[in-house]
Amino acid sequence: MMGKVPSFSCSSTVSSALPSYVALCLTLQVHRLVSAQFTVAGPDHPVIAALGGEAVLPCHLSPRMSAENMEVGWLRSQDSELVHLYRDGKDQYREQMLEYRGRTELLKDDITNGRVFLRI
């Protein structure tokens, strides 16, 4: 039987090509029953990028565990619109906000250790 662990989130602030600061949240959902408890952690300080520049937003699970079979999503906190979504082992772009299409990349090199990064 499939179950879900409640969503966990962390947030950071980043300046992008949009006119105002954007707060992003990372949410993780497990699509199977998991007995282990974990937390999601992001940077403890704002991530700043110059207008037109690039930002990399880190996030990790503690304790370490693979996030390959999890749903990983970044949401704009003020309106909960989708900035980037990874589900079923691949990036999902259909529900992504138009402002972020072609501008985000989930860096998954260390996803088996519970570490992911979103490049904007």
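Because the structure is a prediction, the values reported are computed rather than measured.

A. Spatial organisation of the pattern of salt bridges. By the definition in use, this model includes 6 salt bridges. For the salt bridge of Arg-119 with Glu-54, the shortest nitrogen-to-oxygen distance reads 3.6 Å. Note that Arg-119 is positioned in strand S9 (residues 115–119) and Glu-54 in the loop between strand S3 (39–41) and strand S4 (56–62), a separation of 65 residues in sequence. On the basis of relative accessibility, which here comes to 27%, the residue Arg-119 falls in the partly exposed class.

B. Representation of the environment of Glu-95 in the model. Relative to the elements of secondary structure, Glu-95 occurs in the loop between strand S7 (90–92) and strand S8 (105–107). Judged by relative accessible area, which is 57%, Glu-95 ranks as exposed. Not counting residues up to four positions away in its chain, the partners in contact with Glu-95 are Leu-82 and Arg-87.

C. Molecular detail of the pairing of strand S6 (residues 81–87). The element S6 is extensively covered by neighbouring structure, given that 5 of its 7 residues are classed as buried. Sheet analysis places strand S5 (residues 70–76) next to S6, joined by 5 bridges and oriented antiparallel. Considered in S6, the bridge of Leu-75 is made with Leu-82. Hairpin geometry of S5 and S6 is characterised by an intervening segment of 4 residues between the two adjacent antiparallel strands and by a positive phi of about 55° at Ser-80. Bridging between S6 and S7 involves 3 bridges; their strand directions are antiparallel.

D. Spotlight on the side chain of Glu-71. Relative to the helices and strands, Glu-71 resides in strand S5. In terms of polar contacts, Glu-71 uses its side chain to reach the side chain of Arg-87, at 2.8 Å.

E. Main features of the nonpolar core. Leu-61, Trp-74, Val-83 and Val-116 are the most contacted members of the largest nonpolar core, which has 22 residues in total. Of all the secondary-structure elements, those providing two or more residues to this core are S4, S5, S6 and S9.

F. Molecular detail of the sheet that holds S8. In spatial order, the strands read S3-S4-S9-S8; together these 4 strands make up an open sheet with antiparallel pairing. Looking along the sheet, the strands with just one partner apiece sit at the ends: S3 and S8. Sheet twist, expressed as the mean angle between neighbouring strand axes with direction ignored, is 25°. For S8 and S9, the ladder comprises 3 bridges, and the chain directions are antiparallel.

Cut-offs and rules
- Residues numbered from 1 in each chain as written.
- Predicted model: local features only at pLDDT ≥ 70, side-chain atom pairs only at ≥ 80, totals over all residues.
- Heavy atoms only, no water.
- Salt bridge = Lys/Arg side-chain N within 4 Å of Asp/Glu carboxyl O.
- Helix = DSSP H or I, 4+ residues; strand = E, 2+ residues; numbered from the N terminus.
- Buried < 20%, exposed > 50% of the residue type's maximum accessible area, 1.4 Å probe, protein only.
- Contact = heavy atoms within 4.5 Å.
- Pairing = 2+ DSSP bridges.
- Polar contact = N/O pair within 3.5 Å; in protein donor to acceptor, adjacent residues only side chain to side chain.
- Core = buried A, V, L, I, M, F, W, Y, C linked by side-chain atoms within 4.5 Å.
- Axes fitted to C-alpha atoms, helices over the stretch in contact; angles between N-to-C directions.

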